[in-house]
Amino acid sequence: MKLYYDKRAKDPIYYAQQGIRIGKKTTTKNVKRFGKHSELLEITDDPLAYVKAEIERMNEEYRVGRVSYEIRADFNEKVSSSSAAASSVTWVNIGYLMLQYIMSGLELKEFFKEITEGRKNTFDCYTIMRFLTYARILDPESKHATWGKLGTYYEKPGFEYQHIMRCMDILSENYSKYIQWLYRKSNNVVERNTSVMYYDCTNFYCECESADEDYIDEVTGEYIEGLRRFGYSKEHRPNPIVEMGLFMDMRGIPISMSINPGNKNEQVTAIPMEQEILRMTDGAKFIYCADSGLGSYNIRKFNSMGGRAFIVTQSIKKLSQKLKDIVFDDNGYRLLSDDETPMSIEAMKSFDRFDKNNLSLYNDRIYKLIPAELAVDMGLYEYKELKNGKIRKQKAKGKVDQYIIVTFSRKMMEYQRAVRKRQVERAKELLKVGDPEEIKKGPNDVRRFLKRISKGSDGSDAKVKYALDKDKIAEEERYDGFYAVATNLDDPAKDILAVMEKRYKIEECFRIMKTNFNGRPIHHSQDRRIRAHFMICYTALLVYRLLECRLDDQGAHVTVDDLIATLKNMNVTNVHDVEYMALYTGSSALDALVKLTGLPLDRAHYRPKDLQKYIRKHLK
């Protein structure tokens, strides 16, 4: 602060002035009126010396973070006028600075500098990517809506909407390089554990009615498949879909992703991605972990080479009768907890679960190891590419060094039977209304418990009736409580099953992208823009997971909803161009973020120069 008065006046008024920044302009504002020279003579013989001393005292208080100033309110004053169609908010968000703390470790500024070198761009790709990532986490909307809300961030970046589209094109052109960069630089933030890599696929519906056509690239002559294609999906919506494949590590942090046409068989996406990861990690050895839908013969065979291994879930229903007989045979089962105590399936089904002495047994499982080399006995399929480019599925007859770990849980059995009981009740209700066959049966549809009975005489139409399929119900009950994984590892069964239990994290990744980050709707039609859209979603997921892991490392567990809500609610408002006042409350999530980042964003008031300092500190 500085002293201001009109030196030409006979009786000047003394003010304390503070320098302020409004956007890119700087100006001054009177924050305190000391009074006229004549008024100050009543309390001091030297008003000028008195005022200078007060200014020094105020500067010292400002330096240590204590400021007092006068606020005058005119309740007749109107808000600033504008020609805009709708009013806008005057608060700005500073919670994104916590995300920037993580993004700085990814060194994306250097990446975009490399890929845009030699281009005559009038925009900064790094700034655009930063705010598209922030928006995907804090306020996920279309790119145009995000551009319209740039003023709600403290920095208030000034790029145009067309710059976003051009940046997305550049991002898509460097797809592989970008994914590799994120993986390598993420080690600066969290030490990656890639000893186990989990893989899964999911689908995203598109906002269109017709599928994309295949085309030939005019420059390279390459045959390119359209991304938005009709394919199998659990929801059976009549819309084209885009398929995403995702690899993650043991802590739930993404490693790599792929975007494929919606009609592509997910089984054939795993090996090309693994080959890319092997190049990315310089041939590192790892354990491939996936569900049975991504554990074909080809995939298991591929992961049996080069010192790698696999752990995949195995469908007991698809096993040969010989292996099923071994599964349901009581001999050979042991308690998983101590790996020694013999236990039978019958004993697990019959003990008194309400006896307190049996509580540990109720929470335990029994297991058995079954050698299974022949792929045909496992019900496995292999996929071969024909000369016309199509994929043919056929039953595999080869061998692969593997065995099955079969477990049985009393708790799981009771849960599955409780679910089935409710489904059977719903199936009985369907018998009272209409035609249950109108909707296609799914693997978990209650209509699978209904069978069709047709009766009719010669020359007449058959009368159709439906009844409960008791054989179907009994057959399903036979598998209740059983679970199996196939692997070529020689590790203890407990360790292998513990690795498999972390597979839920990849489903959580998909849920975060779809629910919290609004991965769809996809407001793009061109393949390169669709791919860039998912690259932004992937970056947001990576940043969030890295932040989550850093918080876990310091002993603070924060849920997805609580963390995002805290960052989103960290808004401040400009008070007379002198300070920014917090419009949010404290929380355990905020305390954990402040402790992690070292950014003191748990204050009630902020000096503009301090916020600028926080931005410069982590803007790499």
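All values derive from a computational prediction rather than experimental measurement.

Caption draft 1: Quick peek at the nonpolar core. Among the nonpolar cores identified, the biggest contains 117 residues, and Ile94, Leu108, Phe112, Tyr178, Met257 and Leu601 are the most heavily contacted of them. The element that contributes the greatest number of residues to this core is helix H18 (residues 527-553), accounting for 16 residues. The residues touching Phe112, leaving out its near neighbours within four places in the chain, are Cys125, Tyr126, Met129, Leu171 and Tyr178.

Caption draft 2: The arrangement of the packing of aromatic side chains in detail. For the structure shown, the criterion picks out 19 aromatic pairs. An angle of 80° between the planes, with centres 5.5 Å apart, marks the rings of Tyr96 and Tyr153 as edge-to-face. With Tyr96 in helix H3 (residues 96-103) and Tyr153 in the loop between helix H6 (143-148) and helix H7 (161-173), this pair connects stretches of sequence that are 57 residues apart. Across the pair, exposure class does not vary: Tyr96 and Tyr153 are buried alike. A network of ring pairs unites the aromatic residues Tyr96, Phe131, Tyr134 and Tyr153 as a single cluster. Positioned over the ring face of Tyr126 is Arg130, at 5.6 Å from the centre of the ring.

Caption draft 3: Here's a closer look at the sheet that holds strand E20 (residues 571-575). Spatial ordering of the open sheet is given by E4-E20-E21-E22, a layout of four strands whose pairing is antiparallel. Strands with a single pairing partner mark the edges of an open sheet, and in this sheet they are strand E4 (91-93) and strand E22 (605-606). With four bridges joining them, E20 and strand E21 (residues 579-582) adopt antiparallel strand pairing. Bridging across to E21, Asn574 finds its partner in Tyr580.

Caption draft 4: Looking closely at the pairing of strand E9 (residues 254-261). The element E9 is largely enclosed, with a buried count of eight among its eight residues. In the sheet, strand E8 (residues 241-248) pairs with E9 via seven bridges, with the strands oriented antiparallel. Across the sheet, residue Val242 finds its bridge partner in E9, namely Pro261.

Caption draft 5: Region of interest: the pairing of E20. Counting buried positions along E20 yields four of five residues, so the element is predominantly enclosed. With three bridges connecting them, E4 and E20 associate as antiparallel partners. When the sheet's bridge partners are listed, Val92 is paired in E20 with Val572. Counting the residues that bridge the hairpin from E20 to E21 gives three residues, and of these His576 lies at a positive phi of roughly 55°.

Caption draft 6: Structural detail: the pattern of salt bridges. According to the stated counting rule, one finds 28 salt bridges in the structure shown. In this structure, the salt-bridge partner of Arg192 is Asp249, at a minimum N-O distance of 2.8 Å. Here Arg192 is found in the loop between helix H8 (175-186) and strand E5 (196-205), whereas its partner Asp249 is found in the loop between E8 and E9, with 57 residues between them in sequence. Residues Arg192 and Asp249 agree in their burial class; the two are buried. For the salt bridge of Arg228 with Asp212, the shortest nitrogen-to-oxygen distance reads 3.0 Å. Of the two residues, Arg228 sits in the loop between strand E7 (223-224) and E8 while Asp212 sits in the loop between E5 and strand E6 (215-216), which places them 16 residues apart along the sequence. Of the two residues examined, Arg228 and Asp212, each falls in the buried class.

Caption draft 7: A look at a positive patch on the surface. A cluster of like positive charges, contributed by Lys609, Lys613, Arg616 and Lys617, occupies part of the molecular surface. The exposure class assigned to Lys613 is partly exposed, which follows from its relative accessible area of 44%.

Caption draft 8: Here's a closer look at helix H11 (residues 321-328). Within the sequence span of H11, burial applies to Leu323, Lys324 and Val327. End-on, the buried residues of H11 take up no more than an arc of 105°, which puts them together on one face. Turning to H11, the residues buried within the fold contact helix H12 (345-350), strand E13 (366-371), strand E16 (403-408) and strand E19 (482-487).

Caption draft 9: Structural view of the environment of Asp329. Mapping Asp329 onto the fold places it in the loop between H11 and strand E12 (334-335). The class for Asp329 is partly exposed, based on a relative accessible area of 35%. Not counting residues within four places of it along the chain, the set of residues in contact with Asp329 comprises Ile345 and Lys368.

Caption draft 10: Representation of unusual backbone geometry. The linkage connecting Arg520 with the following residue, Pro521, adopts the cis geometry, with an omega of 10°. Relative to the assigned elements, Pro521 resides in the loop between helix H17 (504-516) and H18. Here the phi dihedral of Asp282 falls at roughly 60°; this positive angle occurs in a residue that is not glycine. Tracing the sequence through the fold places Asp282 in the loop between helix H9 (270-280) and strand E10 (287-290). Here Asn518, not a glycine, exhibits a phi torsion of approximately 50°, which is positive. Topologically, Asn518 is positioned in the loop between H17 and H18.

Reading the values: the criteria
- Residues numbered from 1 in each chain as written.
- Predicted model: local features only at pLDDT ≥ 70, side-chain atom pairs only at ≥ 80, totals over all residues.
- Heavy atoms only, no water.
- Core = buried A, V, L, I, M, F, W, Y, C linked by side-chain atoms within 4.5 Å.
- Buried < 20%, exposed > 50% of the residue type's maximum accessible area, 1.4 Å probe, protein only.
- Helix = DSSP H or I, 4+ residues; strand = E, 2+ residues; numbered from the N terminus.
- Contact = heavy atoms within 4.5 Å.
- Phe/Tyr/Trp six-rings, centres within 6.5 Å; stacked < 30°, edge-to-face > 60°.
- Lys NZ or Arg CZ within 6 Å of the ring centre and 35° of its normal.
- Pairing = 2+ DSSP bridges.
- Salt bridge = Lys/Arg side-chain N within 4 Å of Asp/Glu carboxyl O.
- Patch = residues over 30% accessible without salt bridge, like charges linked within 9 Å, V, L, I, M, F, W, Y side chains within 5 Å.
- Areas by Shrake-Rupley, 256 points an atom, 1.4 Å probe, with all protein chains shown as cover.
- Lys, Arg positive; Asp, Glu negative; His and termini not counted.
- Charge placed at Lys NZ, Arg CZ, Asp CG, Glu CD.
- Arc of directions from axis to C-beta.

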